[in-house]
Amino acid sequence: KDIKIAHVYDKTGALEAYAKQTHTGFMMGLEYATKGTMAVNGNKLVVIEKDSQGKPDVGKAQLASAYADDRVDIAVGPTSSGVALAMLPVAEEYKKILLVEPAVADAITGEKWNRYIFRTGRNSSQDAISNAVALDKAGVSIATMAQDTAFGRDGVKAFKEALKNAKLVHEEYLPGNTTDFTAGAQRMFDALKGQSGRKVIFVIWAGPSPIGKLADLDPKRYGVEVASGGNILPAMATYKSFPGMEGAAYYYYGIPKNPANDWLVAEHQKRHNSPPDFFTAGGMSAAMALVEALKKTNGDTKTDTLITAMEGMSFDTPKGKMTFRKEDHQAMQSMYHFKIKVDPKVEWGIPELVREIKPEEMQVPITNKR
Amino acid sequence: MKKTSLETRDLTIRFGGHVAVNAVSCAFQAGTLTAIVGPNGAGKTTYFNLISGQLKPSAGQVLLNGSDITSMPASARTHAGLGRAFQLTSLFPNLSVMENVRLALQSRAHLGLDLWNVWNRHKALIERAEQVLEDVALAAKRDAHAAALPHGDQRKLEVGLLMALDPDIFMFDEPTAGMSVDEVPVILDLIRGLKKQTHKTILLVEHKMDVVRELADRIIVLHNGTLMADGDPETVIASPIVQQAYLGTAPVEEAAA
Amino acid sequence: MIRQLLSHDLPRNRLLTAVLLVILAGLAFAPFLFPGAKALNVAAKILIFIVLVASYDLLLGYTGIVSFAHTMFFGIGAYGIAIASTRMGPGWGSLLVGGLCAVALSLLLSLIIGLFSLRVRAIFYAMITLAVASAFQTLASQLSQFTGGEDGLNFKLPEMLSPAFQLAEEQVLGAWLDGKFITYYILFFTTVLLFLAMLRIVNSPFGRVLQAIRENDFRAEAIGYRIVVFRTLSNVLAAVFATLAGCMLAIWLRYNGPDTSLSFEIMVDILLIVVIGGMGTMYGAICGSAIFLLAQNYLQDLMRIASGTAQGLPLLPALLSPDRWLLWLGILFILSVYFFPTGIVGKLRTWRQ
Amino acid sequence: MEQATTLPAAASPNPRLYTQIDWAPLALVPALAFAALPLIGSSSTWITLTAAGLAMGMIIFIIASGLTLIFGLMDVLNFGHGVFIALGAFMAVTVLGTMPGWMGSGNLLLNLAAIGVAMLGAMVTAGAIGLFFERVIVRRVYGQHLKQILITMGGMVVGEELIKVFWGPQQIALNLPASLRGAILFGDSAIEKYRLFAVVVGLAVFTAMMIVLNRTKLGLLIRAGVQDREMVESLGYRIRRLFVGVFVAGSALAGLGGVMWGLYQQSVIPQMGAHVNVLIFIVIIIGGLGSTGGCFLGALLVGLLANYTGFLAPKVALFSNILLMVAILLWRPQGLYQVTNR
Amino acid sequence: MSEALLKLEGVHTHIGAYHILHGVDLEVPRGQLTMLLGRNGAGKTTTLRTIMGLWQASQGRISFDGQDITKRSTPDIAQAGIAYVPENMGIFGDLTVKENMLLAARSAGRIEQLDEKRLEWIFGLFPAMKKFWLHPAGKLSGGQKQMLAVSRAIVEPRKLLLIDEPSKGLAPAIIANMISAFRELKQTDTTILLVEQNFNFAKQLGDTVAVMDDGRIVHRGAMRELAEDEGLQTKLLGLSLAAHH
Ligand SMILES: Nc1ncnc2c1ncn2[C@@H]1O[C@H](COP(=O)(O)OP(=O)(O)OP(=O)(O)O)[C@@H](O)[C@H]1O
Ligand SMILES: Nc1ncnc2c1ncn2[C@@H]1O[C@H](COP(=O)(O)OP(=O)(O)OP(=O)(O)O)[C@@H](O)[C@H]1O
Ligand SMILES: [Mg+2]
Ligand SMILES: [Mg+2]
């Protein structure tokens, strides 16, 4: 019997580029985890692609259609958090597993969670906390700059809670579509310039990174540094203006050392003539989690069996070992504290590993209700 | 003495520095056809626009049957009994000739805000519209789009809309301009018919002096926005001001007709 | 009887009548004819868009007002249901309260916008509504305590309308009589009712005045119609019907968010459908919605086949890739504005009388 | 008969009435700036914000100028304008990508030359596509606003998808050349170098447009052609060619705007055109639909206000454009400068 | 009779599905003023538009000054030396009177280049043009617009003027001016084809006359003949107005 998997993702629309990476990674992950057979326990894996167009209502309909019309056993996706949140109740209605990758909103494994939801992607808190760990030293004054959305506000909240030693002096929230950062930057400079010690602006921003524009406003005249998490490779081009900048990243192809990542980097370079990116690694992780689970059930796709198998399950990924936390089905994973190095030959600023932040070091709160 | 139905008091409008209508005070009586003549740009059309509400005066008042209507919008003045045909033909181009007239009748019947019935339930309107089309000799073209009519027929439809409104006060602005010689009588007959109904007031702007001479009970002359002369046709036409400023120093074609 | 129902505005063409009957039958028996979540979803979307587009036709096709704020009212309807159901919990009362509040808000807003800007030139009005609509969308995503922000709201409906509810244990004629089934038929009958009401409005004396205003507003005022009143009323009516369409959308999706009901893309879709269907015909809304939504939902599948066959040729596979479905929809749209300026309905009506 | 005795040009009864300069809108920009000063308090902050806002206004003017041109002269509302902006930006990526040497060097002249080449490339490409757009899409809908809106919207969808076909759907970085990065300091206030560059380009575009429109017969002819195209042809002018010319010029300006906007954003995405559409529409509404001077002032006001409110009340900044538009329209329902009664 | 400057042979014109002109044969002799008469809807305007290339003739041949212009574009035809005053006047309402005139003077790049003498002559004919020189033309009165339309056609010398009902809406004094203007123009070797409803006007000016009905020319001849023959007038034009006097 074939095992049907739906990949519902934002194939077209604003997040098209991210979504493509996820799908490439997902397919490569299945290939790697099944050693090229595309079968588990003799059951062939069939992947059905569904385009959610980046629209929550479409995602919802596509997922329902996947469960009802195509009779898939498991669904994976989507890219945008909004789409993911709309899809959660569908999984519950059809009593089938939805493996969320790479949507990041905390609520997916938090207040909007239901028992059919698993997530291999990192959540906003993991992002923020790892960055806090990277920056958290005594005598550091920090101003945060984030989008004025649930994503931005959640991120800052988690970041703030994770800070133990550093001092948070200002929170700046800007509209998501801000193009001119002069006013916001001016306010942060005003807040920071009187402080003594190290002064940092920490940026949490989805989409095109604004840190290049901050650099143009010359924060150095006040001795202010800029810090930000990792991003996709084209976005990290602007990081070249900040040699030595520190932060924490979810993934950069040069950092993790394990067989899965080595294979991914080599194969991706061979097939697509470019290194794998953020979302490629995420897609591969999801695939490896799935195959691992199916292996555990010997190809049994009954939902309850799968849930039992997956809760607390550990699995390999290009980022090393991850574990689905029993309580909220969030995959606990390492993050990477990096420092930017500039190499004129490379188009982007290279995040060099300072230290791997292990899952145990991050107190990621459990916010769902079981 | 005939009853005054329409009156303007010191009616004035300025466009920038240009005074197009300058303190015109004039009363019009029911049962009278008053012709308004004057050179091009004298302010005749503008005067009409002030009376029917397309323009708001800079100063002065318009009174209808003694009450001040200066601040009323054009649509309300129509319902109060002022009807107007335009110098530059203004129709509903992509509606049929029939529908053009029917809309005017429907307005008169105050049915515009009826959302519930189907339009053709009001049979009387349709019958009346057919009658109006007969009157303006357009019955044969009732289904054509107004835009496809030749110029002369459009002029007739313009008058047809006014007839459909059946107001107390008729304002014609060069109704026969551009109409072929054999069609003109249709319109003139209509106006003659109106004159027979003694409670109607008729205002007529016309450059064709033969027409004016035949129809008018009274002529007023506008020149540079000012009321220059007012009186019975013979006197006014003979006055030097009209002879010189309006008809030109060499009166031309009049004898022929 | 049928004449009366259709307000004496019949399709006036055999082929058009046939097309309409096919669509009607398809929609009426969709749960039996096309079982499956996707097909039923498409059918429901068609119903919602018929109401939405017809209400826009009232404004654009009949009154000649170009407005880009129509999705704003659509969104108000959807948010009304969504917010009420979230705050008050699932129940018929929430639907009623949400719907009524939404209609009231739409009435007020459309009245204000109408009075404020219907006095300005048409093209000005179009652009102002565009700006207002985008500001409203920003507002909706900013008021996240109420609207759920960018993420929107997921909510539950009364028990009877939820997918888990079963009317009968067994399948009937191949369809499960579940909550979705009931919801679908509620939408279907609402659509029929609202459509007939709008058809009546455009064929009433009032509707005729709207057309006169579209043709020549100056003259309409001169023969005694206060155009501000008529335009505002037309605006208000269109807004209310759009709001109801929004309620239908929220009930069907059990979700609402800014992109789902307020985005400019939906506005573009509405415009496309009105034009493809035929402006100022009402029936255009039916034909247009059916064709457009079918294309929107199945074009990608078609292109998947096409790009498979074009494999190996230069550039063509990239152009035919299913991800580029919007490209082809756009081209289809431009072509239809050119070659069917009067839309499907207009074309059919003049084709063979 | 009265005989004309004076020269025609002096014959008008009151020529000043129709040629007077309307100063009120011009005063609005300084008025806004000085009204903000006490609210902001610190004068160095105020200078930074004002300079940044004015420069931002210049960039907005550049991206909107083509739209005003096409609307003001031809009465065509081009919803596809954004696509030309995006196209210009993507061309800049491609062109600058071939000149890493010139871009990377710290030499200002080499950097400017590289940007100049990119601008030229973007303008030529956008102009050429504009030619095609006019021929295939816009030509048949002159004078029909609704159809223009619909068709150019279709054009926008298609254009955006085509950009994805050629350049891919993803965001591409577009870095500033070395010598335009960073800021120049005046005491405690900082002004980005790139913004100074934008001011220069913006003023150049504005001056060029004003000269062509007010000192030649071209503007007249096209405005006449919009009102009654048959009549202009009957006077012996090939109006069609002129229309094409204006459309191409407008598209080329959009291309130029795209380069400026892309470099400012430091990255390009296919949707960037659609993103700025509402902004530029607001600007040209404020300006008075088709008035070049109005558009210029409108852009400056939008730029300034966005920066001031962004500093004083960021939440309000989200709505600053629309509030400005409503305020202006309440004051002057036809926009700052009315382009006669069209 | 002098040779024809403009010649139409068997011209048919369709507008959409409607067949409007059914084979028009017309000759406009050089240096003369030809009147084109006919009742509403006879096809006079359509004839002029077809000559200008604004409608395409579906059959037949139009030649001007020895050249075939049947298939030429409107600007081409205009540049060959024809000026046109359309029925709806074709005023550019957004432009000032001055700008309207400037556009008509194709040889002039700037206003100073307008022929001053000619301009003064026009101001003499139509004083309103001088008075409203810098006003937007859209605000002129109906008659003033008509004057502007005619002024535009005569601001520069042309070989042929096509004028559609210039007298409508004009005050008698102005009509008189116009008559003398056309007479003067004839002296300068300008050929004129005039469509007119006002028979009195036509009578005073025309050298030759053509009468149209239902898309065909039904009568051609000297103006004097028609002016003297009331029976013919009634037959061709339905001149029943006379009956009311
Ligand atoms: N755009 C059009 N569509 C359809 N029919 C038209 C159109 N324009 C003119 N016609 C028809 O062509 C015929 C001739 O019209 P034309 O305007 O040439 O007449 P005319 O002799 O100039 O009349 P008038 O003296 O009223 O101006 C008329 O029957 C008219 O209905
Ligand atoms: N809206 C306006 N703005 C500026 N000037 C105007 C406006 N309307 C009319 N005028 C001017 O007012 C004067 C009177 O115009 P009006 O149309 O009333 O003349 P008229 O007597 O009807 O002339 P005609 O016989 O030529 O129709 C004209 O000189 C005209 O230029
Ligand atoms: Mg007049
Ligand atoms: Mg005619």
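Residues numbered from 1 in each chain as written. Chains lettered and ligands numbered in written order. Predicted model: local features only at pLDDT ≥ 70, side-chain atom pairs only at ≥ 80, totals over all residues. Heavy atoms only, no water.

The name given to chain C in an unreviewed UniProt entry is ABC transporter permease, and the organism recorded there is Noviherbaspirillum denitrificans. Note on chain C: under the UniProt heading Subcellular location (unreviewed entry), the record states "Cell membrane". (UniProt positions renumbered as here; feature names shortened; annotations may be inferred.)

## Some thoughts on the site of ligand 2
As a structural note, the neighbourhood of ligand 2 is formed by 20 residues, with B:Lys44, B:Thr45, B:Thr46, E:Ser141 and E:Gly143 the closest of them. Two or more chains meet at ligand 2, and those chains are chains B and E. One of the backbone N or O atoms of E:Lys139 is found 3.0 Å from an oxygen atom in ligand 2. With respect to ligand 2, the backbone of E:Gly143 contributes an N or O atom lying 2.6 Å from an oxygen atom. Within the complex, the protein chains bury 90% of what would otherwise be the 640 Å² of accessible surface of ligand 2. Those elements giving two or more residues to the shell around ligand 2 turn out to be strand E2 (18-29) and helix H1 (44-52) of chain B together with helix H6 (142-154) of chain E. Among the residues forming the shell around ligand 2, the class breakdown is five nonpolar, twelve polar and three charged. (Near = heavy atom within 4 Å. Polar contact = N/O pair within 3.5 Å; in protein donor to acceptor, adjacent residues only side chain to side chain. Areas by Shrake-Rupley, 256 points an atom, 1.4 Å probe, with all protein chains shown as cover. Helix = DSSP H or I, 4+ residues; strand = E, 2+ residues; numbered from the N terminus. Nonpolar A, V, L, I, M, F, W, Y, C, P; charged D, E, K, R; others polar.)

## Let's talk about the sheet that holds strand E9 (residues 198-204) of chain A
Residue and element names in this part refer to chain A. Taking strand neighbours across the sheet as the criterion, the four strands line up as E8-E7-E9-E10 in an open arrangement whose pairing is parallel. Only two strands of the sheet have a single neighbouring strand rather than two, namely strand E8 (167-174) and strand E10 (224-228). Neighbouring strand axes in the sheet, compared pairwise and without regard to direction, differ in orientation by 25° on average. Where strand E7 (residues 140-147) meets E8, seven bridges bridge the pair, whose relative direction is parallel. Across the sheet, the residue bridging to Ser141 is Lys167, located in E8. Packing of helix H5 (residues 150-162) onto the sheet brings it into contact with E7, E8 and E9, and relative to E7 it is tilted by some 160°. The strands touched by helix H6 (residues 182-192) are E7, E8, E9 and E10; relative to E8, the strand with the most contacts, the crossing angle is about 170°. (Pairing = 2+ DSSP bridges. Axes fitted to C-alpha atoms, helices over the stretch in contact; angles between N-to-C directions. Contact = heavy atoms within 4.5 Å.)

## Some points on helix H7 (residues 172-187) of chain E
Residues and elements named next belong to chain E. With 16 residues, H7 should cover 22 Å at 1.5 Å per step; its first-to-last C-alpha distance of 23 Å lies within 8% of that length. Along H7, the residues that are buried comprise Pro172, Ala173, Ile174, Ile175, Ala176, Asn177, Met178, Ile179, Ala181, Phe182 and Leu185. Within two residues after H7, Asp189 carries a phi angle of roughly 70°, on the positive side. (Expected span 1.5 Å × (residues − 1). Buried < 20%, exposed > 50% of the residue type's maximum accessible area, 1.4 Å probe, protein only.)

## Quick word on the sheet that holds strand E1 (residues 4-15) of chain B
Residue and element names in this part refer to chain B. Taken together, the four strands give an open sheet; going across it, the order is E2-E1-E4-E5, and neighbouring strands pair in antiparallel fashion. The sheet is open, and its two borders are formed by E2 and strand E5 (67-68), each paired with just one other strand. The strands touched by H1 are E1, E2 and strand E4 (59-64); relative to E1, the strand with the most contacts, the crossing angle is about 115°.

## Quick word on the site of ligand 1
Around ligand 1, a shell composed of 18 residues is seen, among which B:Ala148, E:Asn40, E:Thr45, E:Thr46 and E:Glu87 lie nearest. Contacts to ligand 1 include B:Ala148, whose backbone N or O atom sits 2.8 Å from an oxygen atom. A distance of 2.8 Å separates an oxygen atom of ligand 1 from a polar side-chain atom of E:Asn40. Considering ligand 1 on its own, with 640 Å² of exposed area, one finds that the protein chains cover 81% of that surface. Residue assignment for the shell around ligand 1 shows that the elements contributing at least two residues are helix H5 (151-165) of chain B together with strand E2 (18-29) and helix H1 (44-51) of chain E. Among the elements that take part in the shell around ligand 1, H1(E) stands out by supplying three residues, more than any other. Considered class by class, the residues forming the shell around ligand 1 number six nonpolar, eight polar and four charged.

## A closer look at the coordination of the magnesium ion (ligand 3)
All names here are of chain B. Donor atoms from the polypeptide that bind the magnesium ion (ligand 3) are Thr45 (OG1) and Gln87 (OE1), placed at 1.8 to 2.1 Å. Here Thr45, found in helix H1, pairs with Gln87, found in the loop between strand E6 (82-85) and helix H3 (97-108); they are 42 residues apart in sequence, far enough to count as distant. A relative accessible area of 23% places Thr45 in the partly exposed class. (Donors = N, O, S within 2.8 Å, 3.2 Å for Na, K, Ca; no water.)

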